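Descriptive structure summary
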Amino acid sequence: MTIFRGTFIDIPENPFSGGALRVDTDAGLLVSDGVIVARGPFLEIRRAHPAEPVVDLTGGIVLPGFVDSHVHFPQIRSVGGLGLPLLEWLDKYALPEEARMADASYATGVASEFVRGLAAAGTTSALVFGAHYSDAMDALFGAASEVGLRITSGLVLSDRLLRPDLLTTPVRAYAESLALANRWHGVGRNRYAVTPRFSLSCTDELLATCHELMEAVPGALFTSHVNENEAEIATVADLFGGADYVTTYDRHNLVDRRTVLAHNVHPTDVELKLLGVSGASVAHCPTSNAALGSGLFPLHRHLQHGVRVALGSDVGAGAGFSLLKEGLQAYFCQQLLADQGRPLTAAHLLYLATTAGAEALNLPEVGHLSPGQAFDAQLIRPAEGSPLAVGISHAEDHDEAVARIFTLGTTTDVQAVWINGTLLTP
């Protein structure tokens, strides 16, 4: 066993329904085999376990590892493609990079960059939008296993409207997806996600195949995109006889507690009601929505309908792996919506980046630092004299300190990351 000593801040309960930051200063977390078994004042934990080694994390703030609910593995080298809306951006920046994943050696290099980029940003769990090629997916799962990340991902499926080298057929999609799931689902910390790219690039036959895969892979998640861009939404309606976007998935029984749909910037109330009743989750990707000019996320309407919401970085349209940056942009978005927005506090931002993501991804063992949870954590310890260090030292309370972490923090302020109690190496 090991005792970790420091200041621990997390948020186990939903702040949208009354939860607040939980702060323990000069506290001890007793960790055994990667699991937190006790939390309390350091001197009490030490007195009860005098022989156990101590890891001293004082001088910083320990947060739970972040949980990214939407991030694209093949697009890390596409970040920074500015100036275009969604569909044009896909054609110019994202899809050419997606096609390069056909080269297994290229994909292996990207996979290593990707998982290490996530870890360096303090992200310990992620729902990853995968690649269109099985060999590239093997590279991703293998790289995640080497680093130790909790990754849920799957083969990306499309059978129309994209460039030909990214297309599949329902029969091939089923066979290749099931083979990948058999190799990786439940192996170590890997899990499988059935992943049609979006309804725009999927026929009803392929979406029906996605349902068959969900039935064939117990414990799999389902993820895709929804209501991101108005031109995209109009095209989907034309392709599906006027159906709303969420219904294109729901008619194939693909909207339930296992579902995480990214963006949902322009939902109807009917769609929000369906998402809320079904228990599905929405990945809110604020920097991507801003970069592509997709719109301002209607968080308040989601909450009114009981829809689960978590943060996603959406690399590569998003501005990098850091959920600190996403949290700050989420705050800006709600401020810009004025009386149509939902004002956010530091507690909301930390919740959206941790516990909310764990709930969306059905990872009950992570998200906060309570006894019984895995010790997935990050140490925020900025360089002395840096703007963040100065900001934290002059914060009036810990809520203000967390607000300054989201406002000023970068990946360079993440000094150490642990997954299941194991310190990750750079």
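This one's a predicted model, so the numbers in the text were calculated from it and none came from an experiment. Position numbers for residues count from 1 along each chain, tracking the sequence in the order it is written. Reporting of local features is limited, given that this is a predicted model, to residues whose pLDDT is at least 70; pairs of side-chain atoms are given and counted only at 80 or more, and all residues count toward the totals for whole chains, interfaces and linings. Each side-chain value is derived from all of the structure's non-hydrogen atoms; neither hydrogens nor water enter the calculation.

**Section: the UniProt feature "domain: Amidohydrolase-related" (unreviewed entry) in the protein chain**
The feature "domain: Amidohydrolase-related" (unreviewed entry), as annotated in UniProt, sits at residues 61-423 in this numbering. Along residues 61-423, the helical share is 43% and the strand share 17%, with 16 Å between the first and last C-alpha atoms. UniProt positions are given in the numbering used here, feature names are shortened, and annotations may be inferred rather than shown by experiment. Helical segments are the DSSP runs of H or I of at least four residues, strand segments are the runs of E of at least two, and each set is numbered from the N terminus.

**Some details on unusual backbone geometry**
The omega torsion of the bond from Val315 to Gly316 falls at 10°, within 30 degrees of zero and hence cis. Along the polypeptide, Gly316 turns up in the loop between β14 (308-311) and α12 (323-336). The backbone phi angle of Asn362 is positive, close to 55°, even though this residue is not glycine. Within the secondary structure, Asn362 is located in the loop between α14 (355-360) and β15 (377-380).

**Description of the state of the cysteines**
Pairs of cysteine sulfur atoms within 2.5 Å are what we label disulfides. Evaluated as defined, the whole model comprises zero disulfides. Sulfur of Cys202: no disulfide; nearest cysteine sulfur belongs to Cys210 and is 6.1 Å away. By relative accessible area, Cys202 is classed as buried at 0%. The thiol of Cys333 is not disulfide-bonded; the next cysteine sulfur, from Cys285, is found 12 Å away. To sort residues, take the accessible area from a 1.4 Å probe on protein chains only and compare it with the maximum for the residue type: under 20% means buried, over 50% means exposed, and anything in between is partly exposed. Taking the relative accessible area as the measure of exposure, Cys333 reaches 5% and is therefore buried.

**Focus on the packing of helix α13 (residues 346-353) against helix α16 (residues 398-408)**
Angles shown run from 0 to 180 degrees and are taken between the N-to-C directions of axes, each axis being a line fitted to C-alpha atoms and, for helices, limited to the stretch in contact. Taken N-terminus to C-terminus, the directions of α13 and α16 make an angle of 60°; their axes are 8 Å apart at the nearest point. As the angle between them shows, α13 and α16 are arranged oblique. Regarding α13 and α16, the two cross each other, and that crossing is left-handed. Mapping the contact onto sequence places Ala346, Leu349, Leu350 and Ala353 in α13 and Asp399, Val402, Ala403 and Phe406 in α16. Along the lines of polarity and charge, the residues of the contact of α13 with α16 split into seven nonpolar, no polar and one charged. Oblique is the label for every angle not falling under 35 degrees (roughly parallel), over 145 degrees (roughly antiparallel), or within 65 to 115 degrees (roughly perpendicular). Each crossing is labelled by how the near helix is turned from the far one, with a counterclockwise turn of less than a right angle marking it left-handed and a clockwise turn marking it right-handed. Working rule for contacts: check all heavy atoms of both residues, and any pair within 4.5 Å makes them a contact. Residue polarity is assigned by list, with Asp, Glu, Lys and Arg as charged and Ala, Val, Leu, Ile, Met, Phe, Trp, Tyr, Cys and Pro as nonpolar; anything else, Gly included, falls into the polar class.

**What to know about the environment of Val217**
Assignment of secondary structure puts Val217 in the loop between α6 (204-216) and β11 (221-226). On the basis of relative accessible area, Val217 is assigned to the buried category, the value being 6%. Ignoring anything within four residues of it in the chain, the contact list for Val217 reads Leu178, Ala181, His185 and Tyr192.

**Let's talk about the side chain of His70**
Summarising the element assignment, His70 is placed in strand β6 (residues 66-72). Within the structure, His70 has its side chain in polar contact with the side chain of His72 (distance 3.2 Å). If near-sequence neighbours (up to four positions away) are discounted, His70 is found in contact with Leu127, Phe129, His225, Ala262, His263, Ala283, Cys285, Gly312, Ser313 and Asp314. N or O atoms within 3.5 Å of each other form a polar contact, as long as, within protein, one can give a hydrogen and the other can take it, and as long as residues adjacent in sequence are counted only when both atoms are side-chain atoms.

**Remarks on the pairing of strand β2 (residues 22-32)**
By the convention used here, strands pair only if DSSP detects at least 2 bridges between them. In this structure, strand β1 (residues 2-10) lies alongside β2, joined through eight bridges in antiparallel fashion. Along β2, the bridge assignment pairs Thr2 with Val31. Here β2 pairs with strand β3 (residues 35-41) via six bridges, running antiparallel. Looking at β3, one finds that Val31 is bridged to Ile36. Connecting the antiparallel pair β2 and β3 is a turn made up of two residues, with Asp33 showing a positive phi of about 50°.

**Let's talk about the packing of aromatic side chains**
Only Phe, Tyr and Trp rings take part, Trp by its six-membered ring, and two of them pair if their centres are within 6.5 Å. Stacked means planes under 30 degrees apart, edge-to-face means over 60, and tilted covers everything else. In total, this model carries eleven aromatic pairs according to the counting rule given. Aromatic side chains Phe16 and Tyr351 sit 6.3 Å apart centroid to centroid with 75° between the ring planes, which places their arrangement in the edge-to-face category. Remark: Tyr351 occurs in helix α13 and Phe16 occurs in the loop between β1 and β2; sequence separation between them is 335 residues. Members of the aromatic cluster, joined through ring pairs, are Phe4, Phe375 and Trp418. Each ring is checked for a lysine NZ or an arginine CZ that lies within 6 Å of its centre and within 35 degrees of its normal; such an atom marks a charge sitting over the ring. The residue whose ring lies beneath Arg77 is Tyr106, and the NZ or CZ to ring-centre distance is 4.7 Å.

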